[in-house]
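A structural walkthrough
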Amino acid sequence: MRYVLMLVLMLFQAGQVFALSCAEPDIADSFLRSGYPEREVRFVRGRAEFPAQIWQRAPADPETGQIPYQYVIGTVEGFSGDRRGFREPVSVSVTRSIACADFLGAFGELCKQNEPYSGYMDQEDQIYFLYPDPDGQTYHLSSNPCSQDVFPATRRNERRLRRCMRGGAV
């Protein structure tokens, strides 16, 4: 009986973990969530580069329970996109926000305290959804695992994004 109870408990916990997972990111869904055209969004096909960082994990805010974000400033270089495609060369400063936390106490730390997080440059072109910062000169990406801002620059993703911008069916 004890083993059956343990098995049921393990299956229940596995179901909870599965429920926390997100649907596979889709460029059309992210476009719809972006708020475009009412909200300003810049679509860029290219590569991003971010410098190396040392993570300083901060505790959650005691009042809100929110994990503070850390901000990494980098650059996205490539081509700005519109309804007709990605044609205008662009180089923009981008801030990436990353939550550095022990995710629900269940999956281990997303960032290790005081350990270097290597900078990177994308090896392949990506499509970035860039949102303007209040200064109007810089942009930001979020790191919400269920709301993508970065997609592989495949022909399919480009076509779907252009179709979305034209108001076509997703």
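Definitions and limits used
Every chain is numbered independently, its residues counted from 1 as its sequence is written. The model is predicted, so local features are restricted to residues of pLDDT at least 70 and side-chain atom pairs to those at 80 or more, both for listing and for counting; the totals for chains, interfaces and linings are taken over all residues. Where side-chain values are given, they derive from all heavy atoms of the structure, hydrogens and water being excluded. In this text, helices come from DSSP runs of H or I with a minimum length of four residues, and strands from runs of E with a minimum of two, each type numbered from the N-terminal end. Three labels apply to residues, based on accessible area from a 1.4 Å probe with only protein chains included: buried if under 20% of the type maximum, exposed if over 50%, partly exposed otherwise in between. By definition in these notes, contact holds between two residues if any of their heavy atoms fall within 4.5 Å. When a carboxyl oxygen of Asp or Glu is within 4 Å of a side-chain nitrogen of Lys or Arg, the pair counts as a salt bridge. Residues with no salt bridge and a relative accessible area higher than 30% make up the patches, which join like charges within 9 Å and nonpolar side chains (Val, Leu, Ile, Met, Phe, Trp, Tyr) within 5 Å. For the accessible areas, the method is Shrake-Rupley and the probe is 1.4 Å, while residue cover comes only from the protein chains on display. Here the positive residues are Lys and Arg and the negative ones are Asp and Glu; neither His nor the chain ends is included. Here the site of a charge means atom NZ of a Lys, CZ of an Arg, CG of an Asp or CD of a Glu. Throughout, the arc means the angular range of directions from the helix axis out to the C-beta atoms. What pLDDT expresses is the predictor's confidence in each residue, scored from 0 to 100. Two N or O atoms count as a polar contact when they lie within 3.5 Å, although within protein this holds only if one can serve as hydrogen donor and the other as acceptor, and sequence-adjacent residues are included solely when both atoms are side-chain atoms. In this analysis, strands are considered paired if DSSP registers two or more bridges between them.

Moving on, we come to the overall build of the protein. Looking only at helices and strands, one finds 3 helices and 9 strands in the protein. Along the protein, helices and strands appear, N-terminal first, in the series α-α-β-β-β-β-β-β-β-β-β-α. By residue count, 31% of the 170 residues in the protein fall in the buried class. Partitioning the intrachain contacts of the protein with sequence separation of at least 6 by distance along the chain shows that 69% fall at a separation of at least 24.

With that settled, consider the pattern of salt bridges. Within this structure, the stated rule accounts for 6 salt bridges. With a shortest N-O distance of 3.0 Å, Asp125 and Arg47 are connected by a salt bridge. Here Arg47 lies in strand E1 (residues 42-50) and Asp125 lies in the loop between strand E6 (120-121) and strand E7 (126-132), a separation of 78 residues in the sequence. Assessed through its relative accessible area of 32%, Arg47 is described here as partly exposed. Note that Asp82 is salt-bridged to Arg84, the shortest N-O span being 3.7 Å. Owing to a relative accessible area of 27%, Asp82 belongs among the partly exposed residues under this scheme. The exposed category is assigned to Arg84, whose relative accessible area is 62%.

A grouping of Arg83, Arg155, Arg156, Arg159, Arg163 and Arg166 is seen on the molecular surface, where their side chains present a positively charged patch. Note that Arg159 resides in helix H3 (residues 155-165).

Another aspect to go through is H3. Of the positions making up H3, those classed as buried are Asn157, Glu158, Arg160, Leu161, Cys164 and Met165. For H3, the buried positions fall inside an angular range of 165° around the axis, keeping them on one side. Across from the buried face of H3, at angles greater than 90 degrees, the exposed residues are Arg155 and Arg156. Gly167 lies just past H3 and shows a positive phi near 85°.

This next bit is on the confidence of the model for the protein. With 62% of its residues at a pLDDT of 70 or more, the protein shows a mean pLDDT of 75. No element of the protein has a lower mean pLDDT than helix H1 (residues 2-20), at 44, and none a higher one than H3, at 94. Confidence drops under a pLDDT of 50 for residues 2-20, and excluding neighbours within four residues, the segment shows 3 contacts in the predicted structure.

Moving on: helix H2 (residues 27-34). Among the residues of H2, those classed as buried are Ile27, Ala28, Ser30, Phe31 and Ser34. Down the axis, H2 shows its buried residues gathered within 160° of arc, on one side only. Looking at the buried residues of H2, the elements they touch are E1, E7, strand E9 (150-152) and H3. The opening residue of H2 is Asp26, an N-cap whose side-chain oxygen sits 3.1 Å from the backbone nitrogen of Ala28. Once H2 ends, the next one or two residues include Gly35, with phi positive near 85°.

The next point concerns the pairing of E7. Of all 7 residues in E7, 6 are buried, a share of seventy percent or more. Bridge count between E1 and E7: 5 bridges; the pairing is antiparallel. What sits directly across from Gly46, in E7, is Gln126. As paired elements, E7 and E9 share 3 bridges and run antiparallel to each other. By the bridge assignment, Tyr128 is partnered in E9 with Val150.

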